[in-house]
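So you can see what is in the structure, the chains are spelled out below.
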Amino acid sequence: MSRITITTLQAMKNRGEKIACLTAYDSSFAALLDDAGIEILLVGDSLGMVIQGQDTTLPVTLDEMIYHSRCVASGSRRALLMVDMPFMADADPQQALLNAGRLMKEGGAQMVKLEGGALQVETVGCLAGHGIPVCAHLGLLPQSVHKLGGYKVQGRDAETARQIRDDALALEQAGADMLLLECVPAALGTAISRSVSIPVIGIGAGPDCDAQVLVLYDMLGITPGKRPRFSHDFVSDYEAGSSDIASAVRRYIEAVKSGTFPAEQHCF
Ligand code: KIV
């Protein structure tokens, strides 16, 4: 079985075929998601919240990301492995280069994801120039939660929407291979997905993004507290079949592929 690469994902976007992504933090889930047909496994720094029980993603360290990345890499054979740069690991281009290198060499990452808009253009160019595939995360940036004053939808007004769109174009130009848009109005998700040629992953960014991602534990309905509006519990929603985890993951993949997820109630 051959690995999915950024070339595979680019070809899927070009064909208008939707891409399914979920977070994973360990080997057993990685194998289950891989067998179900997930195309991208994201070792997200959301692990700080769902694995470690922290209030934010900020305390997560590079060594912890490497550890979980290695666990996921050992369980997966097919999906592309994307790994988050934790808070401050990408504070300047040189630091980002060294840390992305560690995620790839020690963690088995095939792509790194970093948060930020125009400020990250130089860093993305530096990583791309060294042959490191990059996904740039825009919209709601969880690592900036204190600056944003909470986990809020971004790009609701014309000025911030234009800023996010300009950042998307600048990051593509700098060499990003993929974008991730979190918590933006669906219309902005549509506009950005259509104006860049690279694949756009959405989470709370509407149905027109080229790919969708959810935090695994949210879609399994096991995250304590209130589920975010953009998420969906695919385990409890088993009209069409059984309620085991593998079936829920297959239902999620089918819903992404057919365009039935996200539905209107998951959008802003
Ligand atoms: O850390 C993470 O899991 C993420 C997703 C919310 C996209 O970045």
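Presented here is an overview of the structure given in this document.

About the cut-offs
- Residues numbered from 1 in each chain as written.
- Predicted model: local features only at pLDDT ≥ 70, side-chain atom pairs only at ≥ 80, totals over all residues.
- Heavy atoms only, no water.
- Helix = DSSP H or I, 4+ residues; strand = E, 2+ residues; numbered from the N terminus.
- Rg over C-alpha atoms; globule rule 2.2 N^0.38 Å.
- Buried < 20%, exposed > 50% of the residue type's maximum accessible area, 1.4 Å probe, protein only.
- Axes fitted to C-alpha atoms, helices over the stretch in contact; angles between N-to-C directions.
- Parallel < 35°, antiparallel > 145°, perpendicular 65-115°, else oblique.
- Left-handed = near helix turned anticlockwise from the far one by under 90°.
- Contact = heavy atoms within 4.5 Å.
- Nonpolar A, V, L, I, M, F, W, Y, C, P; charged D, E, K, R; others polar.
- Near = heavy atom within 4 Å.
- Polar contact = N/O pair within 3.5 Å; in protein donor to acceptor, adjacent residues only side chain to side chain.
- Areas by Shrake-Rupley, 256 points an atom, 1.4 Å probe, with all protein chains shown as cover.
- Pairing = 2+ DSSP bridges.
- Phe/Tyr/Trp six-rings, centres within 6.5 Å; stacked < 30°, edge-to-face > 60°.
- Core = buried A, V, L, I, M, F, W, Y, C linked by side-chain atoms within 4.5 Å.
- Expected span 1.5 Å × (residues − 1).
- Salt bridge = Lys/Arg side-chain N within 4 Å of Asp/Glu carboxyl O.

### A short note on the overall build of the protein
Each helix and strand counted, the protein has 11 helices and 8 strands in total. For 268 residues, the compact-globule estimate of 2.2 N^0.38 gives 18 Å, and the C-alpha radius of gyration of the protein, at 17 Å, lies within 12% of that figure. C-alpha extents for the protein along the principal axes are approximately 50 × 40 × 40 Å. Across the 268 residues of the protein, 56% fall into the buried class.

### Quick word on the packing of helix H6 (residues 121–129) against helix H8 (residues 158–174)
Interhelical geometry of H6 versus H8 gives an angle of 25 degrees and a closest axis separation of 8 Å. Judged on the interaxial angle alone, H8 and H6 are roughly parallel. Crossing of H6 over H8 shows right-handed handedness. Contacts between H6 and H8 involve Val 121, Val 124, Gly 125 and Ala 128 from the former and Ala 170, Leu 171 and Ala 174 from the latter. Among the residues making up the contact of H6 with H8, the classes are represented as 6 nonpolar, 1 polar and no charged.

### As for the site of the ligand
Surveying the vicinity of the ligand reveals the residues Thr 23, Leu 42, Gly 44, Asp 45, Ser 46, Asp 84, Lys 113, His 137, Leu 180, Glu 182, Ile 203 and Val 213. At a separation of 3.0 Å, an oxygen atom of the ligand approaches a polar side-chain atom of Asp 84. The contact in question runs from an oxygen atom of the ligand to an N or O atom on the side chain of Lys 113, over 2.8 Å. Taking 260 Å² as the accessible area of the ligand by itself, protein coverage stands at 95%. Classifying every residue of the shell around the ligand gives 4 nonpolar, 4 polar and 4 charged.

### Concerning helix H9 (residues 186–195)
Every buried residue of H9 is listed here: Ala 186, Leu 188, Gly 189, Thr 190, Ile 192 and Ser 193. Buried positions along H9 lie against helix H1 (6–15), H8, strand E6 (178–182) and strand E7 (200–203).

### Some remarks on the sheet that holds E6
Paired through their backbone hydrogen bonds, the strands of a sheet run either parallel or antiparallel. Sheet architecture is closed into a barrel: 8 strands sit in the order E1-E2-E3-E4-E5-E6-E7-E8, paired in parallel fashion. Each neighbouring strand pair of the sheet contributes to a mean axis angle of 25 degrees, computed without reference to strand direction. Strand contacts of helix H4 (residues 62–75): strand E2 (40–43) and strand E3 (80–84), with the helix running at about 165 degrees to E3, the strand carrying the most contacts.

### Quick notes on the packing of aromatic side chains
All told, the structure shown has 5 aromatic pairs when counted by the stated rule. When the centroid spacing of 5.7 Å and the interplanar angle of 70 degrees are considered together, the rings of Tyr 25 and Tyr 217 count as edge-to-face. Note that Tyr 25 is positioned in the loop between strand E1 (19–23) and helix H2 (27–36) and Tyr 217 in helix H10 (residues 216–219), a separation of 192 residues in sequence. Pair check on accessibility: Tyr 25 and Tyr 217 agree, each one buried. Members of the aromatic cluster, connected to one another through ring pairs, are Tyr 25, Phe 29 and Tyr 217.

### Observations concerning the nonpolar core
Counting residues in hydrophobic clusters, the biggest one holds 86 residues, and the most contacted among them are Leu 179 and Tyr 252. The greatest single-element share of this core, amounting to 6 residues, is contributed by helix H11 (residues 245–258). When near neighbours in sequence (up to four residues on either side) are disregarded, Tyr 252 contacts Ala 20, Cys 21, Leu 22, Ile 38, Gln 212, Val 213, Leu 214, Met 219, Phe 234 and Phe 261.

### Comments concerning H11
Taking 1.5 Å of rise per residue, the 14 residues of H11 would be expected to cover 20 Å, and the 20 Å separating its terminal C-alpha atoms lies within 8% of that figure. Within the span of H11, buried status applies to Ser 247, Ala 248, Val 249, Arg 251, Tyr 252, Ile 253, Ala 255 and Val 256. Backbone nitrogen of Ala 246 and a side-chain oxygen of the N-cap are separated by 3.3 Å at the start of H11; the cap is Asp 244. Phi turns positive, to about 85 degrees, at Gly 259, one or two residues after H11.

### Looking at the pattern of salt bridges
Two side chains with opposite charge may pair up if their charged atoms get near one another. Considering all chains together, one arrives at 8 salt bridges under this definition. Across the salt bridge formed by Asp 84 and Lys 113, the nearest N and O atoms sit 2.7 Å from each other. In this pair, Asp 84 sits in strand E3 while Lys 113 sits in strand E4 (residues 111–115), placing the two residues 29 residues apart along the sequence. Comparing Asp 84 with Lys 113, the two get one shared label, buried. Here Glu 159 makes a salt bridge to Arg 162, at a shortest N to O gap of 2.6 Å. Of this pair, Glu 159 and Arg 162 both sit in helix H8, 3 residues apart, roughly one helical turn. Under the relative-accessibility criterion, Arg 162 is labelled partly exposed at 46%.

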